[in-house]
Structure formats: C-alpha cells, structure tokens
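Results of the structural survey
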Amino acid sequence: MAAENNNTKLLDILMTNNRIQILSYALCNCRKLKEINIVCSVLEISAFAFENCTSLEQITLPSSVKKIGKFCFNNCKSLKKVTIPSSVTTLEIYLFKNCGSLETIDGSFSILENCCFYGCKSLSKINNKSAITEIGERVFDGCSSLKSIDFSSVKKMNANALSNCSIELFAILPFSTT
C-alpha cells in the first residue's frame, strides 16, 4: 500500500490483507494519519515508511514483523507509546529520531543502533524483556526525561551514547563467569 506524499486527508489505516513488506516511504508525510493497525502478516517495514507522520499517535505492529527499517518513525512527533514485537531484536539507526512525545517503548531488543532515540525528549521508560548488549552512538542524545535504563548486560557502548540525556544512575556491574 502506498500513500501519496504530503497526504493531508488520510486519518487512519487498518491493514488486513496478507502482505510481506511495507515499502520505503509507503506512508511518508501523511501528516493527518493518527492510527495504524497492522493485523496481517508483515515481515518487514522498510526505511522511512512512516516518516513525518506528525499526527501519528498509535501504531499496532503484528508479531510477524522481523525488521523495522531506519528512519521508519522519524519525526512522528505525536507518537506516545510503541510496542516492538519480540521478533525485532535490533532498533535501527534514527528509528524514532525526533519523536518528541514518545514516552514509553516496550520490546525485546538487544541492539540499539546509532541515534535510534535521538531527540526523544519525553522518553521516560524502556520496558525491555531482553538484555541490551550494544548501544550505538548518540542513542539517547536529547532524551531529557530518561532517568534510568538497565545497562547490566551492555558489552559495547559507542561514543556519546548518553550525551544530552538525564540518566541519574549509571552502574557497571562486575563481570562474572559463573
């Protein structure tokens, strides 16, 4: 399904037919789009698919999704909460960049690529069922509401991963071989 760029009339979408992939830029710039419910078997949501959907508040992703492409939710300024299916283990670069209203993210991801939460000033809670093992560059840059995150399993943290954020406690636990 593709929507015309700069669509100002599309309000909500319910996808019910079996699809394998939502293509790049499929719903990009649908500024009035408020809600997306995907109840069909989608394996991949490609890069930039929902970029600049500035009114998007809610999206329901099916458990069939294995990959969410870079910049997918870039500038979705009204998005408040997202649940990432457990089949998605990597949050790609700039995935939620400048989602200023995003408060909570739920999932089972282990890798946070560069800038995936860049500019998410309202992000205050990450409910993650898996251990985060890798944090890319500037992942939490500008996350001024984020006070804590579990770093106990992080094996690699890149430059400026926590720049301009409000983490109040950062603890590195001793490595154990038992």
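Refer to the structure presented above.
For the structure given in this document, a descriptive report is provided here.

What counts as what
- Residues numbered from 1 in each chain as written.
- Predicted model: local features only at pLDDT ≥ 70, side-chain atom pairs only at ≥ 80, totals over all residues.
- Heavy atoms only, no water.
- Core = buried A, V, L, I, M, F, W, Y, C linked by side-chain atoms within 4.5 Å.
- Buried < 20%, exposed > 50% of the residue type's maximum accessible area, 1.4 Å probe, protein only.
- Contact = heavy atoms within 4.5 Å.
- Pairing = 2+ DSSP bridges.
- Helix = DSSP H or I, 4+ residues; strand = E, 2+ residues; numbered from the N terminus.
- Axes fitted to C-alpha atoms, helices over the stretch in contact; angles between N-to-C directions.
- Phe/Tyr/Trp six-rings, centres within 6.5 Å; stacked < 30°, edge-to-face > 60°.
- Salt bridge = Lys/Arg side-chain N within 4 Å of Asp/Glu carboxyl O.

Digging into the nonpolar core
- Phe50, Phe73, Phe96, Phe117 and Phe140 are the most contacted members of the largest nonpolar core, which totals 49 residues.
- With residues up to four places along the chain from it excluded, the contact list for Phe50 reads Ile22, Leu27, Ile36, Ile45, Ile59, Cys72, Phe73 and Cys76.

Here we look at the sheet that holds strand S7 (residues 81-83)
- Spatially, the three strands line up as an open sheet ordered S7-S9-S11, and their pairing is parallel. With one partner strand each, in any of the chains shown, S7 and strand S11 (125-128) form the two edges of the open sheet. The average angle at which neighbouring strand axes cross in this sheet is 5°, direction not considered.
- As defined by bridge partners, strand S9 (residues 104-107) adjoins S11 across four bridges and the pair is classed as parallel. By the bridge assignment for S11, Thr104 is matched with Lys125.

Some remarks on the packing of aromatic side chains
- Going through the model one piece at a time under the given rule, you end up with seven aromatic pairs.
- When the ring of Tyr25 is compared with that of Phe48, the centres are 4.8 Å apart and the planes differ by 5°; the resulting orientation is stacked. With Tyr25 in the loop between strand S2 (21-22) and strand S3 (35-38) and Phe48 in the loop between strand S4 (44-45) and strand S5 (58-60), the pair connects residues that are 23 residues apart, well separated along the chain.
- Judged by its relative accessible area of 43%, Tyr25 falls in the partly exposed class.
- Both rings, one in Phe71 and one in Tyr94, keep their centres 4.7 Å apart while their planes meet at 15°; by these two values the pair is stacked. Highlighted residues: Phe71 in the loop between strand S6 (67-68) and S7 and Tyr94 in the loop between strand S8 (90-91) and S9, separated in sequence by 23 residues.
- Take Tyr94: its relative accessible area is 25%, and that puts it in the partly exposed class.
- Connected via pairs of aromatic rings, a cluster forms that spans Phe50, Phe73, Phe96, Phe117 and Phe140.

Focus on the environment of Leu56
- Assignment of secondary structure puts Leu56 in the loop between S4 and S5.
- On the accessibility criterion, Leu56 (0% relative accessible area) is buried.
- Spatially, the C-alpha atom of Leu56 lies 8.8 Å from that of Lys80, the residues being 24 residues apart in sequence.
- If we ignore the near neighbours within four places in the chain, the residues touching Leu56 are Leu33, Lys34, Glu35, Ile36, Phe73, Cys76, Ser78 and Leu79.

What to know about the pattern of salt bridges
- Under the counting rule described, the total for this entry stands at three salt bridges.
- Note that Glu92 is salt-bridged to Lys67, the shortest N-O span being 3.7 Å. Here Glu92, found in the loop between S8 and S9, pairs with Lys67, found in strand S6; they are 25 residues apart in sequence, far enough to count as distant.
- Residue classification places Glu92 among the buried positions, given a relative accessible area of 16%.
- Judged by relative accessible area, which is 35%, Lys67 ranks as partly exposed.
- Among the ionic pairs, Asp141 bridges to Arg138, the shortest N-O distance being 2.4 Å.
- The partly exposed category is assigned to Arg138, whose relative accessible area is 32%.

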